[in-house]
Amino acid sequence: MLNNIVKFSLAHRWLVLIVAAGLAALGMYNYQKLPIDAVPDITNVQVQINAEAVGYSPLESEQRITFPIETAMAGLPWLEYTRSLSRYGLSQVTVVFQEGTDIYLARQLINERLNEVKEQLPEGIEPAMGPIATGLGEIFMYTVTSTSGTEYDPMELRTIQDWIVRPQLRQTPGVVEVNTIGGYSKQFHILPDPNKLQAFDLTLQDVMAALARNNLNTGAGYIERFGVQYLIRSPGQISNLEDLKQIVIAKRGGVPIRLQAVADIKLGGELRTGAATQDGQEVVLGTVFMLVGENSREVAREAAMRLESIKPSLPDGVELTPVYDRTTLVDKTIATVQKNLVEGALLVIVVLLLLLGNWRAALVTAAVIPLSMLMTITGMVQSRVSGNLMSLGALDFGLIVDGAVIIVENALRRLADYQKMHRGMPDLKARLSVVREATVEVIRPSVFGVLIILIVYLPIFSLSGVEGKMFHPMAFTVVTALLAALILSVTVVPAAVALFVKGPIEEKENRVMLWLRAKYEPALHWSLANSKGLLVASTILV
């Protein structure tokens, strides 16, 4: 079969080169779509269920919220395990599914169970699923602060974040959530005085009922006049503190008892359990979360650009400052990978030029490096493997060109023998025949050599859990690159050698090889003469 592949490649050499060029173009197109990240995302398939329980102690949150929810999740398809956390005012259940489970299917299954368990929860408790993000989803952070010379209190900064910045940032493609820490959420606080309530024979339930009745807009139909429809409505929605103060709770002796007569009414903030500080000053911190599977580099860049576009809509004296941008980390990581890859490729090319002694043959062999890389990128995009320090940093160009070097070197040797025997240059037909024979002669050991390297990486695919997520991208990239190089070695390389390696070829060892031979030959003779002792020493070292 291998012989037939080589024969076909040489017979249709231009077609093979055109296909290789097409694969290279496809690789360059997919390079624009390749997800880029610093490291592999090792987060398992999980969904968080959060429930806010104001005033509940950790024990109450566990007994009345966490336990019912966690019990309801038992028996879900592809469920691996659940874990939970109960704190003051918070219940959190994390549901972990088996690897490979579709995250959207998992959320749908959980949503069905949540609808069933809501009847068992205390009134007012509304559990909700967390964003569709992973442990590496925090890609961008920024602060909302007041500039020097202006004074915005934490409540005002939080209001600006919640009503101006956050809604616009959530419109960024690839952003699934924007979380906020710090500041105070603006609230209307009604603080009833028990003595005044008792004096008017009122209860807290009376106050709450009055607030509910007087915070509604009521429709009253419409009136038609001369073909025009006029809508009638009674606006009763509260918009400020004065509206709250004028709410009538009850009447005593025909006199209305208003809310301000029995309670203090003022603006206040939520009861919080944390804050954000920068340089000793309290700030409002926003965290942008990326949707699962998105390109962190692109999403972080888009978030930074959207943040800049939001700045003109802010009040005077308010400043948005990025404090963490995943793009910086990714760019530095990719720069390191690119530097290593370029240096490795150049080193391999220089060695090929020195050892092969024919610059055309060296370039044909070196062409396997970019071609196999572009084919690998196409495979990564199709398999949703991101380009990161693990996946790209594991590539070894010496291994990639191994098979091509064997074929090219043997082809040069056979061409040199032909020229020496016939004392002339071979024509195209003769060159094709010589290259085919040379390739067939060494194709089996060349292919076996690459396959042996591939087999070394195959056990990595059996890893699971965190280890699998960490090392699968590396193994996939290396195996794909080696397979691409193997295909190129038995198709493109023989065709390119037959077409482009022309002119006089003389088989001789260059100075580098002569020097290496002079150093190696005595060591070889000594090793053969002392084989037993060498094997014993090697065994001890192992």
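Residues numbered from 1 in each chain as written. Predicted model: local features only at pLDDT ≥ 70, side-chain atom pairs only at ≥ 80, totals over all residues. Heavy atoms only, no water.

Caption draft 1: The arrangement of the overall build of the chain in detail. Scanning the chain from terminus to terminus reveals 20 helices and 15 strands. The C-alpha radius of gyration of the chain comes to 36 Å, more than 25% above the 24 Å expected for a compact globule of 542 residues. Contacts spanning at least 24 positions in sequence make up 75% of the contacts within the chain whose residues lie at least 6 apart. For the chain, the accessible surface area stands at approximately 30800 Å², while carbon and sulfur atoms represent 58% of it. In the chain, which carries 47 positive and 51 negative side-chain charges, the distance between the mean positions of the two groups comes to 10 Å. (Helix = DSSP H or I, 4+ residues; strand = E, 2+ residues; numbered from the N terminus. Rg over C-alpha atoms; globule rule 2.2 N^0.38 Å. Contact = heavy atoms within 4.5 Å. Areas by Shrake-Rupley, 256 points an atom, 1.4 Å probe, with all protein chains shown as cover. Lys, Arg positive; Asp, Glu negative; His and termini not counted. Charge placed at Lys NZ, Arg CZ, Asp CG, Glu CD.)

Caption draft 2: Structural detail: the pattern of salt bridges. As enumerated under the stated definition, the model contains 14 salt bridges in all. Here R272 and E282 are joined by a salt bridge, their closest N and O atoms 2.7 Å apart. You can see R272 sitting in the loop between β12 (263–269) and β13 (276–278) and its partner E282 sitting in strand β14 (residues 281–290), a full 10 residues away along the chain. Measuring nitrogen to oxygen at the nearest pair gives 2.9 Å for the salt bridge that ties R297 to D331. With R297 in helix α9 (residues 296–310) and D331 in helix α10 (residues 326–356), this pair connects stretches of sequence that are 34 residues apart. Take R297: its relative accessible area is 22%, and that puts it in the partly exposed class. (Salt bridge = Lys/Arg side-chain N within 4 Å of Asp/Glu carboxyl O. Buried < 20%, exposed > 50% of the residue type's maximum accessible area, 1.4 Å probe, protein only.)

Caption draft 3: Up close: the sheet that holds strand β2 (residues 79–87). Ordered by their spatial adjacency, 4 strands build an open sheet running β2-β3-β1-β4, and the pairing between neighbours is antiparallel. The open sheet has two edge strands, β2 and β4 (128–129), and neither has a second partner. Note: β2 against strand β3 (residues 90–97), 8 bridges, orientation antiparallel. Counted as the bridge partner of S86 is S91 from β3. Sitting on the sheet, helix α3 (residues 58–72) touches β1 (45–52), β2 and β3, and the angle it makes with β2 is about 160 degrees. (Pairing = 2+ DSSP bridges. Axes fitted to C-alpha atoms, helices over the stretch in contact; angles between N-to-C directions.)

Caption draft 4: Highlighting empty space enclosed by the protein. Within this structure, the stated rule accounts for 1 cavity of 30 Å³ or more. Size it by volume and the largest cavity reaches roughly 50 Å³. Lining the largest cavity are A394, L395, D396, L399, I400, Y457, V478, A481 and L482. Put simply, the parts of the chain that give the lining of the largest cavity at least two residues each are α14 (397–400) and α17 (465–490). Sort the elements by how many residues they give to the lining of the largest cavity and α17 lands first, with 3 residues. Grouping the constituent residues of the lining of the largest cavity by class yields 8 nonpolar, no polar and 1 charged. (1 Å grid on protein atoms, 1.4 Å probe; cavity = no way out; pocket = protein on both sides within 12 Å on 5 of 7 lines; lining within 4 Å. Points joined across faces, edges and corners; volume = space filled by probe spheres on them. Nonpolar A, V, L, I, M, F, W, Y, C, P; charged D, E, K, R; others polar.)

Caption draft 5: Geometry of unusual backbone geometry. Unlike most non-glycine residues, D201 shows phi in positive territory, near 55 degrees. Using a relative accessible area of 62% as the deciding quantity, one classes D201 as exposed. A positive phi angle, near 55 degrees, is found at D279, a position not held by glycine. Its place among the elements puts D279 in the loop between β13 and β14. Exposure remark for D279: the relative accessible area of 76% places this residue in the exposed category.

Caption draft 6: Spotlight on the layout of surface pockets. Taken as a whole, the largest pocket encloses approximately 1700 Å³ of empty space. N50, E52, L90, N179 and T180 are the residues nearest the centre of the largest pocket, which is lined by 44 residues in total. Going through the elements one at a time, β1, β3, β4, β5 (138–146), α5 (154–169), β6 (175–181) and β14 are the ones with two or more residues in the lining of the largest pocket. Considering every element that reaches the lining of the largest pocket, the biggest residue donor is β1, with 6 residues. Of the residues in the lining of the largest pocket, the class split is 16 nonpolar, 18 polar and 10 charged. Size it by volume and the second largest pocket reaches roughly 1400 Å³. Looking at the second largest pocket, it is lined by 44 residues, and the ones nearest its centre are D41, V292, G293, R384 and K469. Only β1, α4 (103–117), α12 (368–382) and α17 provide two or more residues apiece to the lining of the second largest pocket. Per-element accounting of the lining of the second largest pocket gives the leading share, 6 residues, to α17. Broken down by class, the residue content of the lining of the second largest pocket amounts to 19 nonpolar, 17 polar and 8 charged.

Caption draft 7: A look at the nonpolar core. In terms of nonpolar packing, the biggest core is built from 69 residues, with V368, F397, Y457, V493 and V497 touching the most fellow members. Among the elements that line this core, the one with the most residues is α17, at 12 residues. Setting aside chain neighbours within four positions, we find V497 in contact with V364, V408, A411 and V435. (Core = buried A, V, L, I, M, F, W, Y, C linked by side-chain atoms within 4.5 Å.)

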